[in-house]
Amino acid sequence: MLMNAVQTAAGARDRIDPGNAIIIERVSKTFETRGGTVKAIDEVSLALRGGEFVSIVGPSGCGKSTLLGIVAGLTRPSAGSVTIGSTAVNGPYERAGIVFQKDLLMEWRTALDNVLLQIELRGLARKHYVSRALDLLAKVSLRDFANKYPRELSGGMRQRVAICRALIHDPPVLLMDEPFGALDALTRDEISVDLSKVCDETGKTVVFITHSIAEAVHLSDRIIVMSPRPATILADIAVDLPRPRRIEVRDTPEFGAIAQRVRASLTALQPRR
Amino acid sequence: MRALAGNWLPSLIVFLGIGLAWQLATTVLGVPKYLIPSPESVWAVLSKHPQMFAANTLVTLRELLGGFALAVLLAVPLALFISYSRLFERFVNPVIVISQALPKVAIAPLLLVWFGFGEFPKILMAALIAFFPMLISATTGFKGIEPDVMSLARSTGASGLRIFWKIRLPSALPAMFGGLKLAITFAVIGAILGEFLSGDSGLGYLIQSASGAQRTDMLFAALIIISLVSVALFYAVEFVERKLIFWHQSQIVIVT
Ligand SMILES: Nc1ncnc2c1ncn2[C@@H]1O[C@H](COP(=O)(O)OP(=O)(O)O)[C@@H](O)[C@H]1O
Ligand SMILES: [Mg+2]
């Protein structure tokens with residue numbers, strides 16, 4: 001069953017689906033604050049092929065979350081444009097699934113009901129999605145916790161539920177903002193394996209913000225390194241490791257070489273004082 | 001079961017303790033009857049006029065529940081507007097704070113002039129006092145929602161109304177119940193206060209006329225009923241709270 005899933009994964013990945021390609025064109029963002037204007041993003045252009053898994057790494061406060069918000073249509077860019085598939089993003093982009101650093105589960109809903117919140121908010125018929133929700137929970141080893149409340153779950157379990165909630169409506173685009181940032185190292189590894197399992201199968205375009213170079217290399221097709229604020233793209237590193245990638249891939253020299261390149265471009269930009 | 005005992009037992013002990021101290025004050029210390037009537041004489045007056053007490057309690061109950069409901073129905077939407085708009089908040093905040101700073105006793109006569117001597121001005125009085133804690137707690141509740149939760153909700157394209165029912169309202173409930181518990185006890189005070197100043201029924205009126213007639217037994221009886229009503233209403237709200245927000249931190253001890 002699992003092997004099967006992983007096999008199809010490789011196939012899905014080769015498919016280039018123009019329906020969910022993301023084109024970011026000369027996007028800038030300036031915030032007006034009491035202390036003056038803050039330029040968060042400076043003319044960033046980036047093209048993601050449909051089905052591509054792209055990680056974004058960069059120093060804290062450089063504008064990563066802002067860029068993700070702009071892609072999601074939740075934040076209006078000061079200049080530039082975002083196009084997903086053939087749609088210009090001019091407001092909340094509804095065909096996306098979003099995962100934040102905090103799981104943002106509703107404490108009054110069980111794990112299953114939290115996953116289905118996505119469906120209810122979209123006004124879709126809940127009953128058509130229950131079995132799919134249970135399947136998703138099973139895929140992240142939470143089938144037995146479907147009826148537990150968030151407070152009965154560990155941090156890692158809660159974030160898995162949040163991932164299921166982002167996937168239940170089968171969005172062609174998945175946007176993740178440091179989704180594992182609050183988890184311990186061991187849980188991070190487990191959950192990133194789960195994530196690659198879920199994503200590999202579906203050919204989603206994924207934008208994944210992380211501080212972990214290992215995570216970025218493990219999961220991505222490409223890694224974008226951003227400069228300190230205002231964010232510009234410093235490096236665009238392809239990760240041509242074969243898929244499916246199990247956790248052991250992290251011990252290979254190829255993996256080490258790519259991680260090394262990412263780290264080098266990150267450290268090259270340490271502010272000198 | 002244990003939770004129940006845990007809730008009621010301390011209250012019961014306190015009540016029994018007060019009763020005992022009262023009994024001792026009247027018998028052992030020999031405080032004169034016209035200052036502190038004995039428990040028996042209060043019981044006597046209660047059991048002699050049960051209908052009269054019941055009827056007046058009902059009046060007060062009606063007024064305070066009306067006021068409570070009015071306060072909640074006004075405060076919750078207002079809190080929602082405040083949480084949506086910083087600008088709106090800046091406009092209404094001074095008005096709300098000033099209305100709160102004015103002594104309610106001073107407003108009461110005005111309400112009488114405007115609305116006469118029936119139950120309505122008492123309902124308004126109760127609402128006026130219950131309104132503020134309700135507004136503050138509901139505003140805190142609505143504002144306490146994580147911005148990212150709202151981002152998540154917006155990304156689904158859900159209408160504001162649906163987001164309200166599925167996310168905003170339930171998120172705000174724990175904070176709101178703090179306000180509800182304050183509001184219900186404040187509403188009791190408001191209704192009694194209104195009855196003090198005018199009218200011909202209700203527990204406040206009973207106290208007023210008993211005081212005029214130096215009937216401390218009657219006065220004590222009314223006071224006891226008022227405290228019982230307050231306590232019962234408080235626990236009623238708490239009961240609903242337990243049922244409704246069993247999932248919240250503050251409730252976990254009771255659930256497990
Ligand atoms: N709504 C906002 N108003 C003002 N400044 C903001 C806002 N959002 C982000 N910023 C500023 O923009 C910069 C980039 O923030 P962010 O995108 O969250 O960075 P990152 O996710 O890379 O850590 C920061 O300096 C932050 O203070
Ligand atoms: Mg961020």
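Rules used in this analysis
- Residues numbered from 1 in each chain as written.
- Chains lettered and ligands numbered in written order.
- Predicted model: local features only at pLDDT ≥ 70, side-chain atom pairs only at ≥ 80, totals over all residues.
- Heavy atoms only, no water.
- Near = heavy atom within 4 Å.
- Polar contact = N/O pair within 3.5 Å; in protein donor to acceptor, adjacent residues only side chain to side chain.
- Areas by Shrake-Rupley, 256 points an atom, 1.4 Å probe, with all protein chains shown as cover.
- Helix = DSSP H or I, 4+ residues; strand = E, 2+ residues; numbered from the N terminus.
- Nonpolar A, V, L, I, M, F, W, Y, C, P; charged D, E, K, R; others polar.
- Domains from an automatic or database assignment.
- Contact = heavy atoms within 4.5 Å.
- Buried area = accessible area lost by both parts, 1.4 Å probe.
- Salt bridge = Lys/Arg side-chain N within 4 Å of Asp/Glu carboxyl O.
- Phe/Tyr/Trp six-rings, centres within 6.5 Å; stacked < 30°, edge-to-face > 60°.
- Buried < 20%, exposed > 50% of the residue type's maximum accessible area, 1.4 Å probe, protein only.
- Axes fitted to C-alpha atoms, helices over the stretch in contact; angles between N-to-C directions.
- Parallel < 35°, antiparallel > 145°, perpendicular 65-115°, else oblique.
- Pairing = 2+ DSSP bridges.

A.B. asks: What am I meant to see in the site of ligand 1 here?
C.D. replies: Residues and elements named next belong to chain A. Surveying the vicinity of ligand 1 reveals the residues F31, T33, A40, S60, G61, C62, G63, K64, S65, T66 and R229. C62 places a polar main-chain atom, nitrogen or oxygen, 3.2 Å from an oxygen atom of ligand 1. G63 is positioned such that a nitrogen or oxygen atom in its backbone is 3.0 Å from an oxygen atom of ligand 1. For ligand 1, the protein covers 63% of the area, taking 560 Å² as the surface of the free molecule. Secondary structure elements with two or more residues in the shell around ligand 1: β1 (22-33) and α2 (64-71). In terms of residue count, α2 provides more of the shell around ligand 1 than any other element does, 3 residues in total. Counted by class, the shell around ligand 1 contains 3 nonpolar, 6 polar and 2 charged residues.

A.B. asks: I would appreciate a short explanation of the domain arrangement of chain B in the present structure.
C.D. replies: Many authors give the size of an interface as the accessible area that is lost as the parts come together. Residue and element names in this part refer to chain B. Per the domain assignment, the segments of chain B are domain 1 (1-31) and domain 2 (37-249). Placing a centre on the C-alpha atoms of domain 1 and another on those of domain 2 gives a separation of 27 Å. Counting residues at the interface gives 7 residues for domain 1, matched by 11 residues for domain 2. Together, the buried faces of domain 1 and domain 2 total about 800 Å²; carbon and sulfur atoms form 68% of this surface. The tally of links between domain 1 and domain 2 comes to 0 salt bridges.

A.B. asks: Got a minute to help me understand the packing of aromatic side chains in this structure?
C.D. replies: Each pair of aromatic rings is reported with the distance of its centres and the angle of its planes. For the structure shown, the criterion picks out 11 aromatic pairs over all chains. Their ring planes at 80° and their centres at 5.4 Å tell us that Y149 of chain A and F246 of chain B sit as a pair that is edge-to-face. Linking Y149 of chain A in the loop between α4 (130-139) and α5 (155-167) with F246 of chain B in the loop between α10 (216-244) and α11 (252-255), this pair reaches from one chain into another. A residue is classified by how much of its surface remains accessible, and F246 of chain B, at 26% relative accessible area, is partly exposed. Ring centres 6.3 Å apart and planes at 90° place the aromatic pair W114 of chain B and F115 of chain B in the edge-to-face group. An aromatic cluster of at least three residues, connected via ring pairs, comprises F53, F180 and F208 of chain A.

A.B. asks: Can you walk me through the packing of helix α2 (residues 39-48) of chain B against α10 of chain B in this structure?
C.D. replies: Between two packed helices, what matters for the description is the angle formed by their axes and the separation of those axes. All names here are of chain B. For the pair α2 and α10, interaxial distance at closest approach is 8 Å and the crossing angle is 80°. Comparing the axis directions of α2 and α10 gives the class roughly perpendicular. Note on element contacts: α10 touches α2 through D217, M218, F220, A221, I224 and I225, opposite S41, V42, V45 and L46. In terms of residue class, the contact of α2 with α10 is made up of 8 nonpolar, 1 polar and 1 charged.

A.B. asks: Is there a simple way to explain the sheet that holds strand β5 (residues 87-88) of chain A in this structure?
C.D. replies: Residue and element names in this part refer to chain A. The antiparallel open sheet is built from 4 strands, whose spatial order is β2-β1-β4-β5. Only two strands of the sheet have a single neighbouring strand rather than two, namely β2 (36-48) and β5. One ladder, built from 2 bridges, connects strand β4 (residues 79-84) with β5; its direction is antiparallel. Counterpart to I84 in the pairing with β5 is T87. Where α2 meets the sheet, it contacts β1, β2 and β4, and its direction lies at approximately 120° from that of β1.

A.B. asks: Looking at this model, I keep getting lost on the sheet that holds strand β3 (residues 53-57) of chain A. Mind explaining?
C.D. replies: Each strand in a sheet pairs with its neighbour through backbone hydrogen bonds, running either in the same direction (parallel) or in the opposite one (antiparallel). All names here are of chain A. With mixed pairing, the 6 strands of this open sheet are ordered in space as β6-β7-β8-β3-β9-β10. Because the sheet does not close on itself, it has two edges, and the strands there are β6 (96-99) and β10 (233-238). Neighbour to neighbour, the strand axes of the sheet diverge by 15° on average, direction disregarded. Sheet topology places β3 next to strand β9 (residues 222-226); 4 bridges connect them, and they run parallel.

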